[in-house]
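Topology and contacts: notes
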Amino acid sequence: MATFKNCQSCGMPLAKDELGGGTEMDGTKRTKYCSHCYMNGEFTMPNITVEEMKERVKQKIVEFGMPKFIAGMFTGNINKLERWNRGK
Ligand SMILES: [Zn+2]
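Described in the following lines is the structure provided in the data block. Treat the numbers as computed from the prediction; the structure is a model and nothing was measured.

Some remarks on the coordination of the zinc ion
The protein atoms that coordinate the zinc ion are Cys7 (SG), Cys10 (SG), Cys34 (SG) and Cys37 (SG), at distances spanning 2.3 to 2.4 Å. Taken together, the four donor atoms coordinating the zinc ion and their angles of 106 to 114 degrees define a geometry best described as tetrahedral. Each donor residue of the zinc ion lies on the same chain, and together they follow the pattern C-x2-C-x23-C-x2-C. Of this pair, cysteine 7 sits in the segment before strand 1 (22-23) while cysteine 37 is found in the loop between strand 2 (29-30) and strand 3 (38-39), placing the two residues 30 residues apart along the sequence. When its relative accessible area of 0% is taken as the criterion, cysteine 7 is described as buried.

Below you can see the structure in the form of C-alpha cells.
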C-alpha cells in the first residue's frame, strides 16, 4: 500500500496526527487519511465539499496562530488531494 505524508482529504501532515492516521472498520490503520477525516472505514464528514474542507482547515490553521496567507497557501492544494480527484 502506498504511504502518504499528508492526509489525502484535508492535507494535514500525518506525522502531526495524534493517532497516526485513520482506521478501517476492523481497526487496521488507513494511512492515506488522518483520524479526523477517516474513522472505522468511512469518512467522518462524507458529504463535505472541497470548498467546505478548505474553509474548515483554514479556520483550524488560523486558530493555531498562523497568518491567514499561510492558511491560504496550505488550503490552496486541498483540491489536488486524492479524495477530491476520484475518477480523474
Ligand atoms: Zn484529514
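From this point on, the discussion continues.
Remarks on the environment of glycine 11
Examined against the element boundaries, glycine 11 turns out to sit in the segment before strand 1. Residues glycine 11 and leucine 81, 70 residues apart in the sequence, show an inter-C-alpha distance of 7.2 Å. In contact with glycine 11, not counting residues within four places along its chain, are Asn6, Phe74 and Leu81.

Observations concerning helix 1 (residues 50-63)
Over its 14 residues, helix 1 extends 20 Å from the first C-alpha to the last, a length consistent with the 20 Å expected when each residue adds 1.5 Å. Those residues of helix 1 lying buried are Met53, Lys54, Val57 and Ile61. The arc that holds every buried residue of helix 1, seen down its axis, measures 100 degrees, which confines them to one face. Across helix 1 from its buried face, at more than 90 degrees, point the exposed residues Glu51 and Glu63. Where helix 1 is buried, its residues meet helix 2 (68-75). Glycine 65 sits one or two positions beyond helix 1 and adopts a positive phi of about 90 degrees.

Re the side chain of arginine 83
In this fold, arginine 83 is placed in the segment after helix 2. Here arginine 83 sits buried without a salt bridge, and the closest side chain of opposite charge, glutamate 52, lies 8.6 Å off (N-O distance). Among the polar contacts listed, one links the side chain of arginine 83 to the side chain of serine 9, at a separation of 3.0 Å. A distance of 3.0 Å separates a polar atom in the side chain of arginine 83 from the backbone oxygen of methionine 45. Once residues lying within four places of it in the same chain are set aside, the contact partners of arginine 83 are Gln8, Ser9, Tyr33, Phe43, Met45, Pro46, Ile48 and Met53.

Reading the values: the criteria
Residues numbered from 1 in each chain as written. Predicted model: local features only at pLDDT ≥ 70, side-chain atom pairs only at ≥ 80, totals over all residues. Heavy atoms only, no water. Donors = N, O, S within 2.8 Å, 3.2 Å for Na, K, Ca; no water. Tetrahedral: all angles 85-135°; square planar, octahedral: opposite > 155°, others 65-115°. Helix = DSSP H or I, 4+ residues; strand = E, 2+ residues; numbered from the N terminus. Buried < 20%, exposed > 50% of the residue type's maximum accessible area, 1.4 Å probe, protein only. Contact = heavy atoms within 4.5 Å. Expected span 1.5 Å × (residues − 1). Arc of directions from axis to C-beta. Lys, Arg positive; Asp, Glu negative; His and termini not counted. Salt bridge = Lys/Arg side-chain N within 4 Å of Asp/Glu carboxyl O. Polar contact = N/O pair within 3.5 Å; in protein donor to acceptor, adjacent residues only side chain to side chain.

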